[in-house]
Amino acid sequence: MTATTTFAPLQNDTFLRACFRQATDHTPVWLMRQAGRYLPEYCATRAKAGSFMGLATNVDYATEVTLQPLERYPLDASILFSDILTVPDAMGLGLSFAQGEGPRFASPVRDEAAVAQLAVPDMAKLRYVFDAVTSIRKALNGRVPLIGFSGSPWTLACYMVEGKGSDDYRLVKSMLYSRPDLMHKMLQINADAVALYLNTQIEAGAQAVMIFDSWGGVLADGAFQQFSMAYTAQVLAKLKREHNGVKIPRLVFTKGGGIWLDEMGTLDCEVLGLDWTVNLGQARAKVGGHKALQGNIDPNVLFAPPAQITAEVVKVLESFGVPHTDTTQTGPTHIFNLGHGISQFTPPDHVSALVEAVHNHSRKMRA
């Protein structure tokens, strides 16, 4: 893998400093799914690639779309363009994306025989992801840090059992309740695979890694701790804390996880992502003493006129409160983001209003 020495020095480390709860002169901002269908230039590149996987598996295209939002907006971080389902795809489940539809697996995992077939995939099958990480890191040329990511073991299991997205999670929950042994077996394989996958992204050049537990919030209390959080904790325990002498922050986002914030505060990670249902001030009081917080404006705010977007950004920043400014020690920090991924129908100029408002108002709050 490429050694870090071949990469340009970082010019804007605001995001990384905020991850480590160090003082910054403004609140950093990036957006979940920032390279996506709301950008006309993304749609043009996707058309050239022919399909979503054509885009994700082509290093040049993946690099191009990762950098597109940074050409438009002064964002403080970039995130690898990929999909959370690359790992189960490499396990041989046959991932495909139909135009206008979500992902589908040709071979869902629904019985003992299918679970018995599962194994941690050969990372050579995911070479295209690691090559993209290195390519993007070089193309960024030190402009902002690059975030690598994976789905959580539980979120991957949801797609692996359902075979696609779900409204009721009937199949995966049926397995969880009727054959918890099978579910644990699958989650253990997923946890080992995710840890290896993220560590290989770090070796390829990712400067932070994020675990997306998109479907943790659909679980019952008790089941969440046992089937989602426990396996996220396993992944975190195996992740590299640093690479080539540089510390690598670890971020965890559970959509719908706000009710378990106290427990998630015990996870061995630097940053907890929050969706829009969580009050940032209360979250800061609970876990801000040892975790940086990321989030959490409702993505649908971006459909309001720019003046309203600015007002809502101010509300989110003020709800977190004045971030810590003492450069001699660590303290509560905030990374601005959406409470979930950006909608494909978002007007691109509305994103400009959001990013500008975050930078302007967060500087004012520190003045």
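The following refers to the structure shown. Given the structure is predicted, the values throughout are model-derived calculations rather than measurements.

**Details of helix α4 (residues 59-72)**
Listing the buried residues of α4 in full gives Tyr61, Ala62, Thr63, Val65, Thr66, Leu67, Gln68, Pro69 and Leu70. On its buried side, α4 packs onto α2 (40-49), α3 (52-56), β1 (78-79) and α7 (127-140). One side-chain oxygen of the residue at the start of α4 lies 2.9 Å from the amide nitrogen of Asp60, identifying that residue as Asn58.

**A few points about the packing of aromatic side chains**
For the structure on display, the rule yields 9 aromatic pairs. Between the aromatic rings of Phe52 and Phe81, the centroid separation amounts to 5.5 Å while the plane-to-plane angle is 55°, which identifies the pairing as tilted. Of the two residues, Phe52 is situated in helix α3 and Phe81 in the loop between β1 and α5 (86-93); the sequence distance between them amounts to 29 residues. Taking relative accessible area as the criterion, Phe52 reaches 10% and is therefore assigned buried. With a relative accessible area of 6%, Phe81 lands in the buried category. The interplanar angle of 45° and the centroid separation of 5.6 Å between the aromatic rings of Tyr169 and Trp215 together place this pair among those described as tilted. Taken together, the residues Tyr169 in the loop between α8 (153-162) and α9 (170-178) and Trp215 in the loop between β5 (208-213) and α11 (223-238) connect sequence positions 46 residues apart. On the accessibility criterion, Tyr169 (6% relative accessible area) is buried. Site record: aromatic cluster; members linked through ring pairs are Tyr42, Phe52, Phe81 and Phe97.

**Regarding the pattern of salt bridges**
Per the counting criterion, the structure on display carries 14 salt bridges. Residues Arg143 and Glu71 are paired through a salt bridge, measuring 3.1 Å at the closest nitrogen-oxygen approach. Of this pair, Arg143 sits in the loop between α7 and β4 (146-151) while Glu71 sits in helix α4, placing them 72 residues apart in sequence. On the basis of relative accessible area, Arg143 is assigned to the partly exposed category, the value being 29%. A relative accessible area of 56% places Glu71 in the exposed class. Linking Arg179 and Asp181 is a salt bridge whose minimum nitrogen-to-oxygen distance equals 2.8 Å. For Asp181, a relative accessible area of 44% puts it in the partly exposed group. A single network of salt bridges, built from pairs that share partners, joins Arg241, Arg250, Asp268 and Glu270.

Basis of the calculations
- Residues numbered from 1 in each chain as written.
- Predicted model: local features only at pLDDT ≥ 70, side-chain atom pairs only at ≥ 80, totals over all residues.
- Heavy atoms only, no water.
- Buried < 20%, exposed > 50% of the residue type's maximum accessible area, 1.4 Å probe, protein only.
- Helix = DSSP H or I, 4+ residues; strand = E, 2+ residues; numbered from the N terminus.
- Contact = heavy atoms within 4.5 Å.
- Polar contact = N/O pair within 3.5 Å; in protein donor to acceptor, adjacent residues only side chain to side chain.
- Phe/Tyr/Trp six-rings, centres within 6.5 Å; stacked < 30°, edge-to-face > 60°.
- Salt bridge = Lys/Arg side-chain N within 4 Å of Asp/Glu carboxyl O.

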